[in-house]
Amino acid sequence: MMRAIQVKTIAALAAAFTLVGCATTQQPEFDYTAYKESNPKSILVLPPTNESPEVIATYGVLSQVTHPLAEAGYYVLPVAVVDEVFKQNGLTHPNEMHDAPTAKLQEIFGADAALFINITQYGTSYKVVDSATEVSVEGTLIDLHTGQKLWSGSARASSAENRGQSSGLGILIAALANQIIDTASDRGFDIAGIATWRMLSPTKKNGILYGPRSSQYEATP
Amino acid sequence: MFSTKIKKIALLTLTAACLGLTGCATQKAAPMYNWDSYEAEVYTYFKGDDTSAQEQLATLEKNLQEAEQKGQELPPGYRAHMGLLYASTGQMDQFKQALEAEKQHFPESTSFMNFLLNNFAKLQNEGQK
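Keep in mind the model is a prediction, meaning the values are calculated, not measured.

The rules behind these values
Residues numbered from 1 in each chain as written. Chains lettered and ligands numbered in written order. Predicted model: local features only at pLDDT ≥ 70, side-chain atom pairs only at ≥ 80, totals over all residues. Heavy atoms only, no water. Helix = DSSP H or I, 4+ residues; strand = E, 2+ residues; numbered from the N terminus. Buried < 20%, exposed > 50% of the residue type's maximum accessible area, 1.4 Å probe, protein only. Contact = heavy atoms within 4.5 Å. Arc of directions from axis to C-beta. Polar contact = N/O pair within 3.5 Å; in protein donor to acceptor, adjacent residues only side chain to side chain. Salt bridge = Lys/Arg side-chain N within 4 Å of Asp/Glu carboxyl O.

A. Examining the overall build of chain B more closely. A tally of regular secondary structure across chain B gives 7 helices and 0 strands. When each of the 129 residues of chain B is scored for burial, the buried share is 43%. Here the analysis covers contacts within chain B between residues at least 6 apart in sequence; of these, 59% occur between residues at least 24 apart.

In structure tokens, the structure reads:
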């Protein structure tokens with residue numbers, strides 16, 4: 001009797017650990033049909049639109065999108081050159097750039113797909129309990145030949161993630177100090193890098209697919 | 001105290017649990033490209049601080065040499081970004097060479113590189129801020 005209970009307990013605990021270890025929110029599986037059919041080789045990343053009060057947010061994120069996308073196996077158009085071309089065509093603000101017709105984008109940039117990113121949070125804010133630099137981004141990948149949506153995703157990163165917990169007055173002082181240090185050292189850039197990587201990781205659930213240049217690319221038969 | 005059978009079951013379930021946990025670990029493959037300078041230099045370019053185009057080019061040139069020595073690939077867009085800087089300083093031969101090199105290493109860029117080569121005059125004027 002005792003032995004049976006012990007075995008069941010161990011089995012139940014093991015099952016619980018297995019589930020918790022891979023904890024993700026209950027998300028529906030993304031339908032990759034359009035994405036696989038499109039099979040983009042090259043990606044045009046438009047300068048991100050920005051809802052935060054930090055003006056530099058657009059370029060803090062834009063400077064760091066090439067890395068995860070390229071390592072995922074895509075050709076990424078040079079972001080600074082792209083920005084320059086938009087400006088010379090009279091589109092100076094990311095909102096205007098995002099409104100450009102996909103046919104026009106395809107004609108000028110010649111990319112298979114375009115990534116539209118929106119920044120919902122970027123910067124260091126003082127909060128009573130802790131200051132944190134936070135960056136939240138969301139992105140949508142569009143086929144430039146068809147205008148069809150291939151993928152969308154989002155991610156968030158915060159400098160508070162790895163901060164240790166202290167107690168009492170220490171927390172308040174640390175919060176203010178963190179805000180000053182983070183703002184002064186352009187922590188936004190570092191955190192933006194983490195958020196961008198998270199959003200554009202092919203290894204996460206419902207993430208982007210590996211591109212043709214990656215050794216982990218899965219060609220659709 | 002426990003029978004061999006129970007120990008065996010316990011071991012199997014614990015092993016299964018461990019595999020379940022480690023199954024979430026991602027394999028980190030070796031990077032495909034050399035990322036030493038590119039992102040920081042692109043950010044510097046966008047920030048428009050005191051770092052001149054020539055200084056930015058010097059950093060990117062150095063990274064290019066180092067990558068070549070190590071047999072490492074430069075990221076997509078790296079050479080074209082250098083081309084942009086060359087155009088902004090009026091070095092149009094280097095601009096063309098950089099874009100041709102980008103095309104050679106990344107044929108996916110051909111359409112866009114040709115567009116830039118055909119419209120370089122505008123880039124040159126705009127770059128001179």
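On we go.
B. Quick look at helix H6 (residues 110-118) of chain B. Of all the positions in H6(B), only Phe112(B), Met113(B), Leu116(B) and Leu117(B) are classed as buried. On an axial view of H6(B), the arc spanned by its buried residues comes to 140°, and they lie on one face.

C. Main features of the environment of Ala195(A). Residues and elements named next belong to chain A. The residue alanine 195 is located in helix H9 (residues 187-199) in this model. For alanine 195, a relative accessible area of 0% translates into the label buried. Through-space distance from the C-alpha of alanine 195 to that of glutamate 134 is 8.8 Å; in sequence the pair is 61 residues apart. Every residue in contact with alanine 195, bar those within four places of it in the chain, is listed here: Val135, Val137, Ala155, Arg156 and Ala157.

D. Region of interest: the side chain of Ser158(A). All names here are of chain A. You can see serine 158 is positioned in strand S6 (residues 149-158). Residue serine 158 is classed as buried on the basis of its relative accessible area, which comes to 8%. One polar contact links the side chain of serine 158 to the main-chain amide nitrogen of alanine 160, over a distance of 3.1 Å. In contact with serine 158, other than residues within four places in its own chain, are Ala132, Thr133, Glu134 and Ile191.

E. Summary view of the pattern of salt bridges. Residue and element names in this part refer to chain A. Throughout the structure, instances matching the rule amount to 9 salt bridges over all chains. Between lysine 205 and glutamate 29 there is a salt bridge, and its shortest N-O distance comes to 2.9 Å. Here lysine 205 is found in the segment after H9, whereas its partner glutamate 29 is found in the loop between helix H1 (2-21) and helix H2 (33-38), with 176 residues between them in sequence. What makes glutamate 29 exposed here is its relative accessible area of 62%. The salt bridge involving aspartate 112 is made with lysine 41; its shortest N-O contact spans 3.6 Å. Of this pair, aspartate 112 sits in the loop between helix H7 (102-109) and strand S4 (113-125) while lysine 41 sits in the loop between H2 and strand S1 (42-45); the two residues are 71 residues apart in sequence, bridging distant segments of the chain. Look at aspartate 112 and you get buried, because its relative accessible area is 13%.

From the geometry alone we can't say anything about function, so treat these as descriptive.
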